[in-house]
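Given next are the chains, with one letter for each unit.
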Amino acid sequence: MSAAEVTGERRAELAEALHAVRERIDAACASAGRDPSGVRMIAVTKTFPATDVAMLTDLGLTDFGENRDQEARRKVEELAGLRPDAAARWHMVGRLQRNKARSVVRWAAEVQSVDSPRLADALARAVASARDAGERAGPLDVLVQASLDADPGRGGCPLPELPALADTVAASGELALRGVMLVAPMEMDPGAAFDVLSRAWQRIRRDHPEATELSAGMSGDMEAAIRHGSTCVRVGTALLGGRRIASP
Ligand SMILES: *Cc1c(COP(=O)(O)O)cnc(C)c1O
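Small disclaimer: the values here were computed from a predicted structure and weren't measured.

Draft legend 1. Local environment of the packing of helix α2 (residues 50-58) against helix α3 (residues 69-82). Running from N to C, α2 and α3 point in directions that differ by 55°, and their axes come no closer than 9 Å. Overall, the two elements α2 and α3 adopt an arrangement that is oblique. By crossing handedness, the relation of α2 to α3 is classed as right-handed. Residues A50, T51, V53, A54 and T57 of α2 form the contact with α3, whose participating residues are K75, E78, L79 and L82.

Draft legend 2. Here's a closer look at the site of the ligand. Taken together, the residues surrounding the ligand are V44, K46, V93, V183, M218, S219, R234, V235, G236, T237 and R243. Contact between the ligand and S219: an oxygen atom at 2.5 Å from a side-chain N or O atom of the residue. Against a free-state accessible area of 390 Å², the protein chains account for coverage of 88% of the ligand. Here the residues of the shell around the ligand are counted per class, giving 5 nonpolar, 3 polar and 3 charged.

Draft legend 3. Layout of the nonpolar core. Membership of the largest hydrophobic core comes to 68 residues, with the highest contact counts inside it found for I25, M41, V111, L123, L162, L175 and L239. If we skip the residues at most four places from it in the chain, L162 touches V144, Q145, A146, C157, V180, A200 and I204.

Draft legend 4. Region of interest: empty space enclosed by the protein. Enumeration over the complete set of coordinates arrives at 1 cavity of 30 Å³ or more. Around the largest cavity sit Q145, A146, S147, L148, D149, D151, R154, G155, L182, V183 and P185, which together line it. Broken down by element, the residue count for the lining of the largest cavity peaks at 3 residues, all from strand β5 (residues 140-147). By residue class, the composition of the lining of the largest cavity is 5 nonpolar, 3 polar and 3 charged.

Draft legend 5. α3, seen in detail. Its 14 residues give α3 an end-to-end C-alpha distance of 20 Å, which sits within 8% of 20 Å, the value for a rise of 1.5 Å per residue. Regarding α3, the residues found buried are D69, E71, A72, K75 and L79. Seen from one end, α3 has its buried residues packed into an arc of 155°, which puts them on one side. Exposed positions of α3 whose direction lies more than 90 degrees from the buried face are E77 and G81. Where α3 is buried, its residues meet α2, β2 (63-66), β3 (89-92) and α4 (101-107).

Draft legend 6. Spotlight on the packing of helix α5 (residues 117-132) against helix α6 (residues 162-171). At a minimum axis separation of 10 Å, α5 and α6 run at an interaxial angle of 15°. By the criterion of interaxial angle, the relationship of α5 to α6 is roughly parallel. The hand of the α5/α6 crossing is right-handed. Across from P117, A120 and D121 in α5, the residues of α6 making contact are L165, T168 and V169. For the contact of α5 with α6, the residue count by class is 4 nonpolar, 1 polar and 1 charged.

Draft legend 7. Structural view of the pattern of salt bridges. One pass over the structure, following the stated rule, counts 19 salt bridges. Residues R10 and D52 are paired through a salt bridge, measuring 2.7 Å at the closest nitrogen-oxygen approach. A residue pair is termed long-range when its members are at least 10 positions apart, and R10 in helix α1 (residues 3-32) and D52 in helix α2 qualify at 42 residues. The salt bridge partner of D195 is R199, with a shortest N-O separation of 3.2 Å.

Draft legend 8. Structural detail: the pairing of strand β7 (residues 175-182). Of all 8 residues in β7, 6 are buried; the element is thus mostly enclosed. Where β5 lies against β7, 7 bridges are found, and the strand directions are parallel. Bridging across to β7, A146 finds its partner in L182. Here β7 pairs with strand β8 (residues 213-215) via 3 bridges, running parallel. What sits directly across from G179, in β8, is E213. Between the parallel pair β7 and β8, the chain is carried across by helix α7 (residues 190-207), and the sense of this crossover is right-handed.

Analysis parameters
Residues numbered from 1 in each chain as written. Predicted model: local features only at pLDDT ≥ 70, side-chain atom pairs only at ≥ 80, totals over all residues. Heavy atoms only, no water. Axes fitted to C-alpha atoms, helices over the stretch in contact; angles between N-to-C directions. Helix = DSSP H or I, 4+ residues; strand = E, 2+ residues; numbered from the N terminus. Parallel < 35°, antiparallel > 145°, perpendicular 65-115°, else oblique. Left-handed = near helix turned anticlockwise from the far one by under 90°. Contact = heavy atoms within 4.5 Å. Near = heavy atom within 4 Å. Polar contact = N/O pair within 3.5 Å; in protein donor to acceptor, adjacent residues only side chain to side chain. Areas by Shrake-Rupley, 256 points an atom, 1.4 Å probe, with all protein chains shown as cover. Nonpolar A, V, L, I, M, F, W, Y, C, P; charged D, E, K, R; others polar. Core = buried A, V, L, I, M, F, W, Y, C linked by side-chain atoms within 4.5 Å. Buried < 20%, exposed > 50% of the residue type's maximum accessible area, 1.4 Å probe, protein only. 1 Å grid on protein atoms, 1.4 Å probe; cavity = no way out; pocket = protein on both sides within 12 Å on 5 of 7 lines; lining within 4 Å. Points joined across faces, edges and corners; volume = space filled by probe spheres on them. Expected span 1.5 Å × (residues − 1). Arc of directions from axis to C-beta. Salt bridge = Lys/Arg side-chain N within 4 Å of Asp/Glu carboxyl O. Pairing = 2+ DSSP bridges. Right-handed = clockwise from strand over helix to strand, strands pointing away.

Take a look at the structure:
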């Protein structure tokens, strides 16, 4: 196959996968009596090349998620070369070390994986210094990531500490609290996990009405998440295919 044929084939594959994911979201919304416009989709492009992101922007997607700073930074730059006019918004969805805060705020519009007051502080300082250096404008959108099982690999803030973390984020002039995020624990029924998260979200929204996002649901559990009120699904495998390289 020529390079053009390979590109054409990938484009068709992505278009078909996107169509199928949209159908799943629409069906889940229909059975939950929800409007599909209330569920946005983040394409989680970790381990996939910038050329895939470029094709997804051609298909109308605007929101992309990454879980590693270095990989994301490179991809954001490559996309700017491939599609200078694309309206792409990047989300950090993975575990974040405090020493990466300065780098992340240069490419991410939103960080969904804020799980400690110390990380929130580091990001706030990084936003201030990036702004002073003319490298970004405006506050950083933040979701606080909940953990239901304290698995250090997945990250997340223990549920009892989540409201205080939300308060810390909301009190920062450099960060804008947008909502809560969860990666459902492997060993838990996703419906039960999303139900617990949804209650925590509603509690936080009483104090912080601006926290309108419930980021829950991935390729395997988006239906359960939508049933429990998810406003944002993060889709990797179902859109882009299986990941060949393990992504830490
Ligand atoms: C990889 C990843 C996803 C996407 O997972 P899939 O099962 O491939 O859809 C969603 N959220 C986070 C935080 C991830 O790291």
